[in-house]
Each structure stands twice: as structure tokens, then as C-alpha cells.
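Survey of secondary and tertiary structure
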Amino acid sequence: MDKKGVCVLSTGGTGGHVFPCSALATELNNVGWEVIIFTDTRGLHYLDKSSNEYSIEVVNISSETASLRKKLIELSYQLPLGALRSGKLMFKKKPEFVLGFGGVSTFPILFMSVLLRIPLFIQEQNAVLGRVNRFFQRFSTKVFCHFSNTLFLDSNISLNTGNPIRNKVLKKCNSQYLEPGPWPITLLVLGGSQGASLLSDALPKCIGTLSKKTKERLTIFHQARKDDIDRVLAAYRDMDLRACVRPFFEDVERLMSESQIIICRAGSNTLADISIVGRPAILIPLKHAKDDHQLRNARIFAEEGGAMVIEETPSLVEDLSEKLKLILNSPSKTSAMADKALKMGKPDASKDIIRTIEAFLGEKG
């Protein structure tokens, strides 16, 4: 296949940024684009370094420092160096467009796209436009969003495409759902990349309030921080529960499809995957997420009927126990939640984004 040209995708280093970026990169490559992904050192953990679908460029920008003062000092030289390096590569490769997925490490790449007058697009995963995306929105041709009522979004240039979804998740689209009943029950717990310790503390206590018969039918897959794994496993073993506790599940899409209930944070990427598979969820938004975007994500998801929301309060364990028991004892309710979650899925997000970009480039040409 003849290449259509070069494009640059720029992403922050969290899974919530990188997964939709890599999903779009795969689809762009499939239709003939040469793709370059810029990310920070954290993002490397989520990308396939041996992939022939895209090449990777690392931006040395730290997003985790001990203090605000130290962070500002580091950014004062990291951002200009990142801009010079990315600008040199873009000047050489002459990309047809640049697309940013948010995160501070995208700033120098998006800045250089504006300076070099390369068409700029933005993809926002959350229900609140991120700080960097918010700044560059004014220079963007189009902002692709997952939530139609995203806060701070310019409706004149936005398009509600949804978040790009990885192919292995798309293969589990609309998997048959078996509601909770007098048979084995699978519970999936996803801690996310931030704030996972709270779930590691709360879940074993919550499970301990269930009846003996329910616990005997339960199998738990729990994503936890490496430092928490031993104590979480010990807590489940003390209750004679079948449990698998890991820092990361490579086959999370399979676990989603086999689960009756998912308990997780409210990152937009996780919610997008849940809506593709179609599963009921109990959402516990990260309390200190920037601009409280996780709470807004969760509330929108719950308003559509696909999830229940529990906020971080001193009564978290009691609230979670109540919601979990309600779901376990209401098969018809969980089936309805699964159906409503599925209706929120946008499996054609990547295709719609590419179609829009190529239409613009064709008009420009």
C-alpha cells in the first residue's frame, strides 16, 4: 500500500492517554499513514517498542516531581529542549498533521505544530478538557471528544467521535452477559494508575461483609500496586477466596467480558472499554483528579444508567458493600445496566476521526 504521508501523534504518559493514541496509530497505519508517536518515558511502558505500525520518539519531560518548585524548574528547560527536538524532526519529516491526546509532555510538540503551521487536531478523552488541550484548542482544526458535553470545549470545532479503542477490546464488543445468580461470579477490580491503594484497602473489607454462600461463588481479579499485592492477597486468602492480584492484566478485555461486575476508578479509557464490552460497573472516581474530571466522567456514565457512583468518603466501605449487594441480588438490574453501558460504546471512533482528518486535508489540498 502506498503511504498517504507522515503524521505525528503526541501523548502524555498515562494509560488513559496512550491506549487511545496507540489504537488510533494502528488504524492510521492500516489505511496507509506513516505514524510517529511522541510520548514521555512513562508512555513507553504502554507502547510496543518493536511495532511496525508506528515509530516512537521520547520527550524527556518529567510529570512526577517532589514539589511544584522543582517541577517548574525542570519544565523551564525540558519544554524548550523538547520543542527544539520535535521541531527538528517535524521539519525533516514534514507531517501532514499533528494530533495531541493531552498531557504536559505534548506541549512542545503541539507548540511546534502551530509554529510550523502544520494542521493541528486534538483528542480529549475526559468530560473536562485537559489543561494542555484547553490551551491549544484555539489553534486546532477540530477537537475530537468522547463526551458531547465536555467542560471548556468549543462546540464550534468539536466532534463527538468517542475515544479510539484498541482492536483486542473491539473483538470483545457486545460479549454475551451472564447476570449474577446461583453460579460462579467473577468480579473485576481495576485500580488504575493512580489512587489504587484505596481500592486495595476497601475491597477486602467490602467482600468480608458478603454472605458465606456468595463468597464461595466468587472469583476476584484485582489490579493493585506492586507494594499492595501481598497484603491484598493475604486478606482474600484469610476469607478462603479465589483471587488473582496483579499490578497489570495483559488480557483485561477478556476479564471484562467474563465479569459480572466491574469495580473501578472513572478514567475515560476504562469507561470507554467497559461500554464496548457492555458491563455494569461501580465507579469510585479519583478524588484528587485534575479538575475533578473523573467525577464528571462517572456521573455522565451513571446518568445513562450503565453504572453506580460512590465518592471517596469515610463511609466508602459501607457504601460499596451496599451497592455490591444490590447488584448481586438484582439480576434484572445488572442486565439492564450492561445493556445501557453497551449503548454508550463508540466502536467506530478511530475510523470517524481519520475520515474527518482526511476530509479536511483533501479540502485543504
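So, here is what we can say about the structure in this document. Here the structure is a predicted model, which is why all the values come from computation and not from measurement. (Residues numbered from 1 in each chain as written. Predicted model: local features only at pLDDT ≥ 70, side-chain atom pairs only at ≥ 80, totals over all residues. Heavy atoms only, no water.)

A few points about helix α10 (residues 268-277)
Among the ten residues of α10, nine are classified as buried, and the element is accordingly described as predominantly covered. Of the residues making up α10, those classed as buried are Ser 268, Asn 269, Leu 271, Ala 272, Asp 273, Ile 274, Ser 275, Ile 276 and Val 277. Residue Gly 278 follows α10 closely and has a positive phi angle near 85°. (Buried < 20%, exposed > 50% of the residue type's maximum accessible area, 1.4 Å probe, protein only. Helix = DSSP H or I, 4+ residues; strand = E, 2+ residues; numbered from the N terminus.)

Looking at the packing of helix α6 (residues 196-207) against helix α12 (residues 316-328)
Two numbers describe how α6 lies on α12: the axes approach to 9 Å, and their chain directions differ by 55°. Looking at the two axes, α6 sits oblique to α12. As for the relative orientation of α6 and α12, their crossing is right-handed in sense. Taking contact as the criterion, the partners of Leu 198, Ala 202, Leu 203, Lys 205, Cys 206 and Ile 207 in α6 are, on α12, Leu 316, Val 317, Leu 320, Ser 321 and Leu 324. Each residue belonging to the contact of α6 with α12 can be placed in one class, and the counts come to nine nonpolar, one polar and one charged. (Axes fitted to C-alpha atoms, helices over the stretch in contact; angles between N-to-C directions. Parallel < 35°, antiparallel > 145°, perpendicular 65-115°, else oblique. Left-handed = near helix turned anticlockwise from the far one by under 90°. Contact = heavy atoms within 4.5 Å. Nonpolar A, V, L, I, M, F, W, Y, C, P; charged D, E, K, R; others polar.)

Quick word on unusual backbone geometry
For Asp 240, which is not glycine, the phi torsion reads 60° and is therefore positive. Relative to the helices and strands, Asp 240 is located in the loop between α8 (229-238) and β10 (242-246). One non-glycine residue, Asp 292, lies in the positive phi region at around 55°. Inspection of the secondary structure assignment puts Asp 292 in the loop between β12 (281-283) and α11 (293-303). Residue Asp 292 is classed as partly exposed on the basis of its relative accessible area, which comes to 35%.

Observations concerning the environment of Arg 296
On the secondary structure map, Arg 296 appears in helix α11. Looking at Arg 296, the relative accessible area reads 27%, which means it is partly exposed. As for Arg 296 and Leu 151, which are separated by 145 residues in sequence, their C-alpha atoms are 9.2 Å apart. When neighbours within four sequence positions are excluded, Arg 296 is seen to be in contact with Ala 127, Val 128, Asn 149 and Leu 151. A distance of 2.7 Å separates a polar side-chain atom of Arg 296 from the backbone oxygen of Asn 149. (Polar contact = N/O pair within 3.5 Å; in protein donor to acceptor, adjacent residues only side chain to side chain.)

Function cannot be read off these values alone, since they describe shape.
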